[in-house]
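Architecture and fold: a report
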Amino acid sequence: MHGRLANRFRLLHTTSSRLLPNETSHNPRSKKLQRNPKPSHQLKISKKNQSYFIRDDEVVKLNMAISDHMRNGQLESALRIFDGMPRRTSVSWNAMISGYLNNDKFDLARSLFDKMPKRDLVSWNVMLSGYVRNRKLSLARSLFDEMPQRDVVSWNTMLSSYAQNGYVNEAREIFDQMPNKNSISWNGILAAYIQNGRIESAYKLFESKSDWETVSWNSMMAGFLRRKRLIDARRLFDRMPERDQVSWNTMISGYAQNGELLEAQKLFEDSPIRDVFTWTAMVSGYVQNGMLTEARRIFDEMPEKNSVSWNAMIGGYSQCRKMDMARELFEAMPCRNISSWNTMITGYAQNGEVDRARSLFDEMPRRDSISWAAIIAGYAQSGRSEEALNLFIEMKRDGERMNRSTFTCALSTCADIAALEFGKQVHGRLVKAGYEMGCYVGNALLAMYCKCGSIEEAYDVFEGMTEKDVVSWNTMIAGYARHGFGKEALKVFEAMKMKGIKPDDVTMVGVLSACSHAGLVDKGTEYFHSMDKEYGLKAKVQHYTCMIDLMGRAGRLEDAESLMRNMPFEPDAATWGALLGASRIHGNAKLGEEAAEKIFEMEPDNSGMYVLLSNLYASSGRWSDVGKMRVIMRDRGVKKFPGYSWIEVQNKVHTFSVGDSVHPDKDRIYAFLEDVDLLLKKEGFVSVTKMVLHDVEEEEKEHMLKYHSEKLAVAFGILTVPPGRPIRVIKNLRVCEDCHNAIKHISKIMGRLIILRDSNRFHHFSGGSCSCGDYW
């Protein structure tokens, strides 16, 4: 029917030059038409000797056709009907605008709104809701202020937009200005306070009015329960003039989720009607408190189960790593929904069974953003970062809208493998999606730039964040510290205190680490002693480890050892490791051996510590001891992790191992390194052959050092990354002393900024020097 109407009006449109609702034809029959006019609900179109009438009911049908097409995502079909209409009402325009907005075509909706010959109140409200849905709050407010008239819908739309985005004061301002308020208005401002944690303001508002609906009582009660104020919630429950099933379920669920299962059970038994939600609240309560046997008993007794009941029980088994039982329930479930699949995928992923998670993911009849986030997180947490990013790209192709969790997971994955270019693309999509740079997303973005070696862009993000919490400040301080910019880290710390943000344990680890990396011994000591006095923080083992590292690096080994022996708790492997590292730097074999023995007792499989001690022996020429260490490692089954370095070029990660023979550009890379070697020798560079843990000739040692993985990655970067752009390389182990010295010279010879992230810190090589000041 709609298609026939559309064709009829399209034909009419092409044979009529324009609408003439009040104009008569020059045809002699026109006088008869004037004497016997048609009813007012018809419209006459005149062209030469032809006359047409369009009834209002046909326009209505056509408007319905537009809405139907828009609802089904058939935007072009809707537009063809709209363009073919010889007469349009405001409903026609509103149907098109609303349809575009519902299909995320904001620009098309705005363009049509601007062209609309006469806007009614519905048009303004539809456009306003579109701005709100697209999180364009400032534009929504501008449109709201322009509106020639507003009704309670307009006011409530603006109020809810502020409330849902956390702008409670602005929401209250709108509420106070409203000429007429309905129950939606009152519930909206109450919900704004509750959802944003301003429970006292919510309760004050609640007590100012006596005729609240039951839904408002339930909302207030739920607010108290979310804040774990069970007594206040119960008082409200007892005061309620009328309770519905939601009231009982809310209170039962509140008790259960907070571990008050006896109280929950009492209310459960007193409840006048137990529906599926009442039973599910008890199942969920037992699950959340790890009482799976009790949860399963209630689950089995349920007279009726819905998908939430099944998912709660499946989720309980998943959280307790009982995936076989979870899978058994999943297979028996008669009412699977997308959440059921997501629960199983998340369970497998969190239990490290990523391949089984992927198998389920591929079988899903339908996916949502949570499905994608779960499987991407699974790959990322299992160290399969490239596969995680490939899935992110696939998600983009699939057209799935990304949520905060997906963005955060993608940014975290980029940070793990230092995929800066990919991270920047995620950042761009994040901005395009309209997400504010608040704490949740902002912190992930900040960490990504810090870990990818772009500290300047990290600071730009930090400055642009609309909200900063203690994690934001800590991330920026730790970022500067790890990059070797100790003074900048301390400036951020001082700014943090000026803003009234109280430092925590993590803050002080970052501050002391910054002092350690920058060699600021006196400053670090001052901060260490001020922790308790100024911030009420008791120094923990991590803080002592930072101080031992700080003193050890500065050559004050006796002070470092004394501090460790006077700690109020036993030193851990990391503390002894700091002492071993300092012993290696300053060649104190005796202290190094003592530290290593302690570490081997605590962590017999820590290959890095065996290598550190071997380096210490090798630098002292104690080759027999180096050989003994190799035998000990073999006998204890300790495997040395092979060194890898990687670099991202044009969204592809290139990985290198020592003496790499599989990279497609290996011939070009090796030829380049031979040329560089000649230039290095002209500069007076001498290889640090003591780093080779084999007692062989010096020439052979030099050859072995020449093709370390970090040198191969740097060479490839110079050959492929355009001049003027930094070369960013990541290594899974600490950079060796020879490579460190060589890359310093290469940065000067080639005139390039080379940023290397090893397992301990960042090194910014430029003009022949390093940001670590050779202090790493």
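Residues numbered from 1 in each chain as written. Predicted model: local features only at pLDDT ≥ 70, side-chain atom pairs only at ≥ 80, totals over all residues. Heavy atoms only, no water.

**Looking at the overall build of the protein chain**
To keep things clear, this is the line we draw: Numbering of helices and strands runs from the N terminus; a helix is a DSSP stretch of H or I covering at least four residues, while a strand is a stretch of E covering at least two. Remark: exposure states derive from per-residue accessible area (1.4 Å probe, protein chains only) relative to the maximum for the residue type, with buried under 20%, exposed over 50%, and partly exposed in between. The contact rule is simple, with two residues in contact once any of their heavy atoms fall within 4.5 Å. Where accessible areas are quoted, they stem from the Shrake-Rupley method and a 1.4 Å probe; at the residue level, only the protein chains shown are allowed to cover.
What the protein chain contains, in helices and strands, is 42 helices and eight strands. Taking all 776 residues of the protein chain together, 50% fall into the buried category. For the protein chain, long-range pairs separated by at least 24 residues make up 60% of all intrachain contacts whose partners lie at least 6 apart in sequence. Just so you have it, the protein chain exposes about 37900 Å², and 49% of that area is on carbon and sulfur atoms.

**As for the environment of F641**
Among the secondary structure elements, F641 is positioned in the loop between α38 (623-635) and β3 (644-649). A sequence separation of 92 residues divides F641 from L733, and the C-alpha atoms of the two residues are 8.4 Å apart. Not counting residues up to four positions away in its chain, the partners in contact with F641 are S607 and L733.

**Focus: the environment of L137**
Following the sequence through the fold, L137 ends up in helix α8 (residues 137-146). Each C-alpha atom of the pair L137 and M158 lies 8.7 Å from the other, and the pair is 21 residues apart in sequence. The contacts of L137, once residues within four sequence positions are left out, are M158, S161, Y162, N165 and Y167.

**Quick word on the packing of helix α25 (residues 404-417) against helix α26 (residues 420-432)**
Here is the rule we go by: With axes taken as lines fitted to C-alpha atoms, and helix axes fitted only over the stretch in contact, angles between N-to-C directions fall between 0 and 180 degrees. Each angle is binned into one of four classes, with values under 35 degrees roughly parallel, values over 145 roughly antiparallel, values of 65 to 115 roughly perpendicular, and all other values oblique. A crossing counts as left-handed when the near helix is turned anticlockwise from the far one by less than a right angle, and as right-handed when that turn is clockwise. All residues other than Ala, Val, Leu, Ile, Met, Phe, Trp, Tyr, Cys, Pro, Asp, Glu, Lys and Arg, Gly among them, are scored as polar; the first ten of these are nonpolar and the last four charged.
The N-to-C vectors of α25 and α26 enclose an angle of 160°; their axes lie 9 Å apart at closest approach. In terms of axis orientation, α25 runs roughly antiparallel to α26. Viewed along their axes, α25 and α26 form a crossing whose handedness is left-handed. For the pair α25 and α26, the contacting residues are F407, A410, L411 and C414 in the first and F422, G423, V426, R429 and L430 in the second. Taken together, the residues of the contact of α25 with α26 break down into seven nonpolar, one polar and one charged.

**Considerations on the UniProt feature "repeat: PPR" (unreviewed entry) in the protein chain**
Rules: UniProt positions are given in the numbering used here, feature names are shortened, and annotations may be inferred rather than shown by experiment.
Per the UniProt record, "repeat: PPR" (unreviewed entry) is annotated on residues 89-123, 151-185, 213-247, 275-309, 337-371, 438-468 and 469-503. A helix fraction of 74% and a strand fraction of 0% characterise residues 275-309, whose end C-alpha atoms lie 12 Å from each other.

**Some words on the packing of aromatic side chains**
Keep this limit in mind: Paired rings are identified among Phe, Tyr and Trp, the last through its six-membered ring, by centres lying within 6.5 Å, and are further divided according to the angle between planes into stacked (under 30 degrees), edge-to-face (over 60) and tilted (the rest).
Per the stated rule, a full pass over the model turns up 23 aromatic pairs. Judged by centre distance (5.4 Å) and plane angle (85°), the rings of F113 and W124 are edge-to-face. Of this pair, F113 sits in helix α6 (residues 106-115) while W124 sits in helix α7 (residues 121-133), placing them eleven residues apart in sequence. The exposure class of W124 is buried, given its relative accessible area of 7%. Joined through ring pairs, the aromatic side chains of F175, W186, F206, W212 and W217 make up one cluster.

**Some thoughts on the sheet that holds strand β7 (residues 762-766)**
Remark on secondary structure: sheet strands pair via backbone hydrogen bonds, oriented parallel or antiparallel. Test applied: DSSP bridges decide pairing: two strands pair if at least two such bridges lie between them.
An order of β4-β3-β5-β6-β7-β8 is seen for the six strands of this open sheet, with the pairing classed as mixed. Edge positions in the sheet fall to β4 (652-657) and β8 (769-770), since each of these pairs with one other strand and no more. In terms of strand pairing, β3 meets strand β5 (residues 727-731) through three bridges, oriented antiparallel. The residue bridging I647 from the neighbouring strand is V729, located in β5.

**What about α6?**
Where we set the bar: Note that the arc is computed from the directions linking the helix axis to the C-beta atoms.
Looking only at α6, the buried set comprises F106, A109, L112 and F113. One side of α6 carries all its buried residues, which in axial view fall inside an arc of 130°. Facing away from the buried side of α6 by more than 90 degrees, the exposed set consists of D107 and K115.

**Details of the packing of helix α37 (residues 607-619) against α38**
Where α37 contacts α38, the axes come no closer than 8 Å and their chain directions differ by 165°. Relative to α38, the element α37 is oriented roughly antiparallel. In terms of crossing hand, the pair formed by α37 and α38 is left-handed. Contacts between α37 and α38 involve S607, Y610, L613, S614, Y617 and A618 on the former and, on the latter, W623, D625, V626, M629, I632 and M633. The residue inventory of the contact of α37 with α38, partitioned by class, reads nine nonpolar, two polar and one charged.

**Here we look at the nonpolar core**
Short version of the rule: Note on terminology: a nonpolar core comprises buried Ala, Val, Leu, Ile, Met, Phe, Trp, Tyr and Cys residues joined through side-chain atoms within 4.5 Å.
Ranked by size, the top nonpolar core spans 203 residues in total, and within it I66, I97, M127, M220 and M448 carry the most contacts. If sequence neighbours within four positions are ignored, I97 has contacts with A109, L112, F113, M116, V126 and M127. Of all hydrophobic cores here, the second largest spans 31 residues; its members include I669, F672, V714 and I746.

**Observations regarding the pattern of salt bridges**
Counted only if it meets this: Take a side-chain nitrogen of Lys or Arg and a carboxyl oxygen of Asp or Glu: if they are within 4 Å of each other, that pair is a salt bridge.
Across all of its chains, the model carries 35 salt bridges by this definition. Across the pair E263 and K266 runs a salt bridge whose closest N-O atoms are separated by 3.8 Å. Taken together, the residues span about one helical turn, with E263 and K266 both in helix α16 (residues 261-270) at a distance of three residues. Since its relative accessible area comes to 48%, K266 is described here as partly exposed. In this structure, D559 engages R556 in a salt bridge whose closest nitrogen and oxygen atoms are separated by 3.0 Å. A network of salt bridges, in which partner residues are shared, links E200, R229, D232 and R235.

**Concerning the pairing of strand β6 (residues 754-757)**
Side chains of β6 alternate between two faces, with I754 and L756 and I755 and R757 buried alike. Of the strand pairs in this sheet, β5 and β6 are connected by four bridges, and their pairing is parallel. Paired with R728 across the two strands is I755, which belongs to β6. Note: β6 against β7, four bridges, orientation antiparallel. Residue L756 lies in a different strand from β7, and its bridge partner there is H763. Between the end of β6 and the start of β7, which pair antiparallel, lie four residues.

**Some words on the state of the cysteines**
Disulfide: a covalent bond formed between the sulfur atoms of two cysteine residues. Applied cut-off: Defined by distance alone, a disulfide is two cysteine sulfur atoms within 2.5 Å.
What the rule picks out here adds up to zero disulfides. Of the cysteine sulfurs around C736, a residue in no disulfide, the closest is that of C739, at 3.5 Å.

**Points about unusual backbone geometry**
For K228, which is not glycine, the phi torsion reads 60° and is therefore positive. With respect to the helices and strands, the residue K228 is situated in the loop between α13 (214-226) and α14 (230-239). The backbone of R321 sits at a positive phi, close to 65°, despite the residue not being glycine. Structurally, R321 can be placed in the loop between α19 (307-319) and α20 (323-332). For R321, a relative accessible area of 58% translates into the label exposed.

**Let's talk about the pairing of β3**
Moving residue by residue along a regular strand, the side chains alternate between the two faces of the sheet. For β3, the buried fraction is high: five of the six residues fall into the buried class. Two elements, β3 and β4, share six bridges in a ladder whose sense is antiparallel. Pairing of E648 across the sheet is with V653, part of β4. Here β3 hands over to β4 after two residues, with Q650 in that stretch at a positive phi of 50°.

**Observations regarding α26**
The condition that has to hold: Between the first and last residue of a helix there are one fewer steps than residues, each counted as 1.5 Å, and that sum is the expected span.
Here α26 is 13 residues long and its end C-alpha atoms lie 18 Å apart, about the 18 Å a rise of 1.5 Å per residue gives. Those residues of α26 lying buried are L420, F422, G423, V426, H427 and L430. Looking straight down α26, one finds its buried side chains confined to an arc of 155°; they lie on one side. Buried-residue contacts for α26 involve α24 (385-398), α25, α27 (439-451), α28 (455-464), β3 and β5. G434 lies just past α26 and shows a positive phi near 90°.

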